[in-house]
Amino acid sequence: MINSPQDDKAVTIKGKVTSQEDNSGLPGVNVLLKGTTNGTTTDSNGDYSISVPEAAGTLVFSYIGFTTEEVPINGRSTINVAMLADIQSLSEVVVVGYGTQKKTDITGSIASVSAREISELPITNAQQALQGRAPGVDVSATGARPGQGVSVRIRGRRSFAAGNDPLYVLDGIPLTGDLNDINPNDIESMEILKDASATAIYGSRGANGVVLVTTRRGTPGKTTVSYDGYFGFTNPIDKVDIMNGQEFADYKRESRRAAAKYDDNNPEQADRDLFEAVEEESIALGRYTDYQDLIIRQGTQQSHQIGVLGGNEKTRFAITGNHFFEKGITPGQDFARNTLRINIEHQINDRLRIGTATLAALSIQNWGPNPWEGALAENPLGIPYDANGNMLFRPTTDGLRTNPLAELVDGAVLDENRRVRIFSSIFGEYKIMDGLTFRVNFGPDNQNRRNGIFQASKTAARSEGTAYAQHRYWNTFSYTLENILNYTKTFNTVHTLNATGLFSIQKQRDELVDARVSGIPYEYQEFYNVGSATVVEGVASGLSEWGIMSYMARINYGFKNKYLLTLTGRIDGSSRFAGDVSLFNDTKKYGFFPSVALGWNITEESFMDGLTFLNNLKLRASYGRTGNTGIPPYLTQGSLTRSVYAFGNNAAYGFRPSELKKPNLSWETTASVNLGLDFGFFQDRISGSVDIYRQNTTALLLNRQLPWTSGFGGVLENIGETQNSGIELALSTINIDLANSFKWTTDLNIYSNNEQIVSLYGGKNDDVGNRWFIGQPLTVFFDREKIGIWQTEETDEAAKYKQKPGEIKVRDQNNDGIINDADRIILGSDIPDWSGGITNRFEFKGIDFSFFIFARQGQMIRSLLHDGNNTLAGRYNNLDVDYWTPNNPTNAFPRPNVNQERAIHNTSMTYFDGSFVKVRNITLGYNFPQALANKMKMQSLRIYASAQQPFIFSKYVSKNKGIDPERVRTPNNGVEQTAEVGVSTPSIRTLLFGINAKF
């Protein structure tokens, strides 16, 4: 350090902050005059300048990954600091549930997704940031409408009926639902707890994994005002390849030839008999209507956020406001979300600290119409408008077909979801003595949601009947109250102990009101005045309440930072189950969920001293049990339903049992074993982890079939078992790192999970009706196997199966000469063989470039495009497929035939390899030089351009006329469903431009 004496008056102190390791300047180091809010940050070269009231006091230098330095001023005007890398800090501090741990001390399987990784993807839902970023986490889109969510599964699926969604914990408070109300830009990190050692601390809700979300906090120093925003354009990845006018006409003729209804000897007369006037006119003019072009509009996506962050040694604050809006490519579909977040922490004195993290969110999702089914099926030879430009509700004389553009008339079809949410995580923490603290967390969460549906008379749903409206309202209020006692102590410098005890309660109340009407007198009132309707089609309301009471204890012990032990035990009592409320009586209400984990930091052993290239090697092992309480409240108590019958000549109402009592229902329980290895080479130039695991889930809730003579179709019991096992790899490398010049890093993760049913109803017998098979995943495709098309030379053989040339040929699996249900086989599953992602980042001076690739391989999908839009009946438009004719003896698709609604064995044409590789994101950014940013009164300025989903590589797309194979369905009444690519808004690609500015 270089000293320069100063007078005792206001002075300016300058200097440079460097790394001791390579003497390179450190940008963004916080420099704070201790005891004040007076602070600054270093520029891109590590230089700083700060004015202080006098040449005295202490400067505090803090930077992530380095040891904090406190340097007395002692009259100097120039203070240079060389900061020492904090190896333990570089190992990261990870949120583990009810606390934090250094990564070197963790014994469980935990993956982390940082704020940087989240910000690289301009996303609607924070869950989307988990895709391809965390091994063992399977994330797939459920649709492409604005605001539509994703499905998240951690290490497979376990349950048939109790749900497989992970538990989300926001700032320490368990959430109801997903993260769609959370602004992704507010998130500091997400930790994914995967094995029982990590999840058992959440007991009955940890079986499906836990996602811990931590939002941004302020930091001591100068208050920073930031703006982060982007605007971009969205377009469909592609259009569906359907028939144009000429192709449709040829296809329609062929469908009649197959039924001997088209005379090729007199084609002019045959055409007059076949086509109506508007079709003949279109054929003569070479005119056809591409309804997809008429539907698609230019979509946009934008986000604007203003943040104010700062604080001093006693108080830290972070206040952010965000507006997000996505205008869909389908008219009538959009999504808007407005959020306000206030995070404040204050140190009242040396012992007491309080704080709150509060979120207020308003989101409006216009689910809108779905004109795509009609657009793909509509006769392209019809015309949507008359000569005067007026819309024709029926473009042809086909009474079942309506103009898909009628769905897009302003106000014709509405499906609006309006949601208001206020969530808080409030805490107070008191230091009882050194190492011992008591903390209270309180998390109220209030959600109001309104869904309004309206269908005008001239829409496909009403088909010129009376207008329809529905008005639904939900209120959900929940709260969590936690009392946490935490003790931390180091004994004789070699023994470290951390003990945590918890008592908590969580309660939730759900209320619903629903009204459905038709015969609305004035369509412009939409769904806002259902009382004016002439017909009440249904009224419903409901109330549901549940609660959980919990006790938890956890002990973390370490010896010389070499040998680590974690013991966890949690008892949960749930109101959903029957029995006595006392913990000590014979009751089904309570479940006990223990776990144990061991860790061995091998690099701390003396025999590793000579291996300087290996800076981290840790072996982990864990075993534990977690539970699942995902059944509806009151299910164990039985229920009644209303019966309607005739009492003489009058209608009468009564009640009958609809559900049997189920007093013996208990927790689904997952026992999990995990072995893991963490490694780091060459000072973490190469680092990562490998995990292998097995999870056995028992006492699964299944509906046991009962004879109908009992008055009930079935009863829910704990009579199933599933298993998940797999391997996960996470790898990070620093490929090139030239100081102040060029840097290239890579993050890779890949994993494989084997999901299978072990037993059903207490035995090893398959349930064919539900498509559940021993040794197979929870969802499989079970159908006949298409092996081609019957050809002309196979006429006699086809006749044995009552078929003829041009029809679908399926395999006779048992060679009995009959095609029936016995010939169905398991064709595949929507569970991938493996999945993973890779991110490459490049930095050169002020330029940054990154791209992210995601792959999902080995899964099967069912394409509804190849079902409803591939009927080959010669009535509706069809996929432009290679269909069989006597002159085109293909094995791809059968001959069109007007005498069939669908082809024989038509579902066998709908199964495809769903494997894909996607370039999810490409981003190019530029950071303005610090001097230029300072001239503009900014701390920093970055501009960037980003392309989302620019490329998809998949056989389903390149060979089978699909658009995007990435699609899953949400569970139906809690039961998992196979993946189907439906006919709705197609997936989009986005090009956007953004700015990050700090003042």
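The following refers to the structure shown. (Residues numbered from 1 in each chain as written. Predicted model: local features only at pLDDT ≥ 70, side-chain atom pairs only at ≥ 80, totals over all residues. Heavy atoms only, no water.)

**Things to note about the side chain of Asp445**
Then comes step 1: For Asp445, the position within the fold is in strand S23 (residues 436-455).
Then comes step 2: On the basis of relative accessibility, which here comes to 2%, the residue Asp445 falls in the buried class.
Then comes step 3: Side chain to side chain, Asp445 and Arg421 meet in a polar contact 2.7 Å long.
Then comes step 4: Among the polar contacts made by the side chain of Asp445, one reaches the side chain of Gln447 at a distance of 3.4 Å.
Then comes step 5: Non-local contacts of Asp445, meaning those with residues more than four positions away in its chain, are made with Leu175, Thr176, Arg421, Ile422, Phe423, Thr476, Phe477 and Ser478. (Helix = DSSP H or I, 4+ residues; strand = E, 2+ residues; numbered from the N terminus. Buried < 20%, exposed > 50% of the residue type's maximum accessible area, 1.4 Å probe, protein only. Polar contact = N/O pair within 3.5 Å; in protein donor to acceptor, adjacent residues only side chain to side chain. Contact = heavy atoms within 4.5 Å.)

**Concerning empty space enclosed by the protein**
Then comes step 1: For the coordinates displayed, the defined rule picks out seven cavities of 30 Å³ or more.
Then comes step 2: Approximately 570 Å³ is the volume found for the largest cavity.
Then comes step 3: Taken together, 29 residues line the largest cavity, and the ones lying closest to its centre are Ile123, Gln128, Arg920, Gln949 and Ile988.
Then comes step 4: Broken down by secondary-structure element, the contributors of at least two residues to the lining of the largest cavity are strand S11 (137-141), strand S44 (916-927), strand S45 (940-953) and strand S47 (988-998).
Then comes step 5: The calculated volume of the second largest cavity comes to roughly 290 Å³.
Then comes step 6: Along its surface, the second largest cavity is lined by 23 residues, and Asp138, Arg153, Arg157, Ile831 and Arg856 are the ones closest to its centre.
Then comes step 7: Those elements that provide at least two residues to the lining of the second largest cavity are S11, strand S12 (150-154) and strand S35 (742-760).
Then comes step 8: When the residues that make up the lining of the second largest cavity are grouped by side-chain class, the tally is seven nonpolar, seven polar and nine charged. (1 Å grid on protein atoms, 1.4 Å probe; cavity = no way out; pocket = protein on both sides within 12 Å on 5 of 7 lines; lining within 4 Å. Points joined across faces, edges and corners; volume = space filled by probe spheres on them. Nonpolar A, V, L, I, M, F, W, Y, C, P; charged D, E, K, R; others polar.)

**Observations regarding unusual backbone geometry**
Then comes step 1: The residue Asp171 is not glycine, and still its phi comes out positive at about 50°.
Then comes step 2: By the element assignment, Asp171 lies in the loop between strand S13 (167-170) and strand S14 (173-174).
Then comes step 3: Residue Asp171 is classed as buried on the basis of its relative accessible area, which comes to 12%.
Then comes step 4: A positive phi angle, close to 60°, is found at His905, a residue other than glycine.

**Focus: the sheet that holds strand S7 (residues 81-83)**
Then comes step 1: Spatially, three strands are ordered S4-S1-S7 in an open sheet, and the strand pairing comes out mixed. The outermost strands of the open sheet, each flanked by one partner alone, are strand S4 (47-52) and S7. Taken over all neighbouring pairs, the strand axes of this sheet differ in orientation by 30° on average, direction set aside.
Then comes step 2: Summarising the sheet, strand S1 (residues 11-19) and S4 pair through six bridges and their orientation is antiparallel. Paired with Lys16 across the strands is Asp47, a residue of S4. (Pairing = 2+ DSSP bridges. Axes fitted to C-alpha atoms, helices over the stretch in contact; angles between N-to-C directions.)

**A closer look at the sheet that holds strand S15 (residues 187-193)**
Then comes step 1: Strand order in the open sheet formed by five strands is S10-S15-S16-S13-S14, with mixed pairing between adjacent strands. Unpaired on one side and paired on the other, strand S10 (110-114) and S14 mark the two borders of the sheet.
Then comes step 2: Two strands pair when backbone bridges link them, and S13 and strand S16 (residues 210-215) are joined in this way by four bridges, in the parallel orientation. The partner of Leu170 across the bridge, within S16, is Val213.

**A word on the packing of aromatic side chains**
Then comes step 1: Within this structure, the stated rule accounts for 29 aromatic pairs.
Then comes step 2: Note on Phe613 and Phe682: the rings are 6.2 Å apart at their centroids and 40° apart in plane angle, and the pair reads as tilted. Of this pair, Phe613 sits in the loop between strand S28 (590-601) and strand S29 (614-628) while Phe682 sits in the loop between strand S32 (668-681) and strand S33 (686-705), and the two are 69 residues apart along the sequence.
Then comes step 3: A relative accessible area of 36% places Phe613 in the partly exposed class. (Phe/Tyr/Trp six-rings, centres within 6.5 Å; stacked < 30°, edge-to-face > 60°.)

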